[in-house]
Amino acid sequence: MPAAARPLLLSDRPMPDCVRDYPMMRYMGSKFRLLPWLHEVLGELEFASALDAFSGSGCVGFLLKAMNKRVTSADFLAFPIEIATATVANPGVRVSEEEAERLMEYDPKHRHFIEHTFTGIFYTPTELRFLDRVSWNIRKLTDPIKRSIATAALIRSCAKRQPRGVFTVAGDPARYKDGRRDLRLSLREHFREHLAKYNETAFDNGHKNRAVRSDVFDLDPTGIDLVYLDPPYVPRSDDNCYIKRYHFLEGLACYWHGVEIMESTRVKKIAKPYTPFSYRRTAHDAFDRMFQRFADSVTVLSYSSNGYPDLDEIVRLLSRYHSSVSVVGRPHRYHFGTHRSASRNEVTEYLIVGKR
Ligand SMILES: C[S@@+](CC[C@H](N)C(=O)[O-])C[C@H]1O[C@@H](n2cnc3c(N)ncnc32)[C@H](O)[C@@H]1O
């Protein structure tokens, strides 16, 4: 821990139960298992409004909502925003049983884009037709929150039904005959289950919470008491590309409208958006610009001991815009990747707090 760092004093307020039950999916860099710790650290800070600027799985925004804050969740990808709309922005809306049945009904007019594009790559033809059918029926829902609940349920179904939850290699999940329930269930069974799960998370915390698709550098920092920042880390060896892993979920979130499929790729990837946090030559400047952008807000950054720039440099950069910078750290292991890479995933996870 650098000299500039001072430990925060932590209390042991319990985390709200609904946060433990958040419908998680495997998401690279997810802080779900760190939420009790994050809750303790955030509980020591005074703020009424918060921005989760790299929403990902949406769990941190949901924690903030459960702490009765006015929350904005943001991410530059579309599928995290569908999830955050269903969970964070949702003021208590649920999809009824009758609507759920209608979502799965056959409509002869539905498109066959997913079946035509992904047959022989992911899932069975029957399941792909199911995705086409539900995607078509989702558009008939007039309430945008309900559309996001159904889309989030479809996204989580696809993620859970896919071996390791990633779309990097083609193949039928049935060949992974390891008895795991998530791979055994059909997409239809998953969908029913996850619709119910998202319905359960719906609640109103009395504030108008939002989910917005945006690059972090396009977000308006005014009126945000606290910003939580969890950008991707510059990869040491492997890559940290979200689109490479989740392109199917990203396409599904918008039925591949307006996205370009890279036809030469076996798994029909889509082009990845540029982020300066992924490259050594641009990461340093990106952190500096980001800290400057949110200089008027209490800043809470998730960082890891294997990140670049290193912790001392991050603390130095944050200190340019905040008079008090504190660091807390704890060991963490990311459950992602293969056994071979597991030791690389054992890191110290830091929360760095900057205050004016
Ligand atoms: C480490 S993950 C966040 C994980 C999240 N806190 C959770 O617990 O699930 C980083 C996220 O940043 C998003 N992202 C990367 N570059 C971005 C940028 N320039 N602007 C906005 N979001 C970005 C990615 O899409 C990804 O969802």
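Above this note sits the structure.
Rules used in this analysis
Residues numbered from 1 in each chain as written. Predicted model: local features only at pLDDT ≥ 70, side-chain atom pairs only at ≥ 80, totals over all residues. Heavy atoms only, no water. Core = buried A, V, L, I, M, F, W, Y, C linked by side-chain atoms within 4.5 Å. Buried < 20%, exposed > 50% of the residue type's maximum accessible area, 1.4 Å probe, protein only. Helix = DSSP H or I, 4+ residues; strand = E, 2+ residues; numbered from the N terminus. Near = heavy atom within 4 Å. Polar contact = N/O pair within 3.5 Å; in protein donor to acceptor, adjacent residues only side chain to side chain. Areas by Shrake-Rupley, 256 points an atom, 1.4 Å probe, with all protein chains shown as cover. Expected span 1.5 Å × (residues − 1). Arc of directions from axis to C-beta. Contact = heavy atoms within 4.5 Å.

Caption draft 1: Structural context of the nonpolar core. Counting residues in hydrophobic clusters, the biggest one holds 86 residues, and the most contacted among them are Leu42, Phe79 and Phe248. Sort the elements by how many residues they give to this core and helix H8 (residues 144–161) lands first, with 9 residues. Membership of the second largest hydrophobic core comes to 30 residues, among which are Val227, Ala286, Val315 and Ile352.

Caption draft 2: Here's a closer look at the site of the ligand. Neighbouring residues of the ligand: 19 residues in total, closest Tyr27, Lys31, Ser57, Asp75 and Asp230. The side chain of Asp75 places a nitrogen or oxygen atom 2.7 Å from an oxygen atom of the ligand. Between the ligand and Thr275 there is a distance of 2.8 Å, counted from a nitrogen atom to a side-chain nitrogen or oxygen. Relative to its unbound accessible area of 600 Å², the ligand is 99% covered by the protein chains.

Caption draft 3: Seen up close, helix H10 (residues 187–201). Over its 15 residues, H10 extends 21 Å from the first C-alpha to the last, a length consistent with the 21 Å expected when each residue adds 1.5 Å. Listing the buried residues of H10 in full gives Leu187, His190, Phe191, His194, Leu195, Tyr198, Asn199 and Thr201. Around the axis of H10, the buried residues are gathered within 165 degrees of arc, so they sit on the same side. Along its buried surface, H10 packs onto helix H3 (59–66), helix H4 (78–89), helix H5 (97–104), helix H7 (125–138), H8 and helix H9 (181–184).

Caption draft 4: Just the side chain of Glu250, in detail. Among the structural elements, Glu250 can be located in helix H11 (residues 242–253). Within the structure, Glu250 has its side chain in polar contact with the backbone nitrogen of Ala78 (distance 2.8 Å). Filtering out sequence-adjacent residues up to four positions away, Glu250 remains in contact with Leu77, Ala78, Phe79, Pro80, Arg213, Ile243 and Ile270.

Caption draft 5: Structural view of the environment of Pro273. Mapped onto the secondary structure, Pro273 falls in the loop between H11 and helix H12 (280–293). Residue classification places Pro273 among the partly exposed positions, given a relative accessible area of 33%. C-alpha separation for the pair Pro273 and Leu318, spaced 45 residues apart in sequence, amounts to 26 Å. Apart from residues lying up to four places away in sequence, Pro273 is in contact with Phe76, Leu77 and Ile243.

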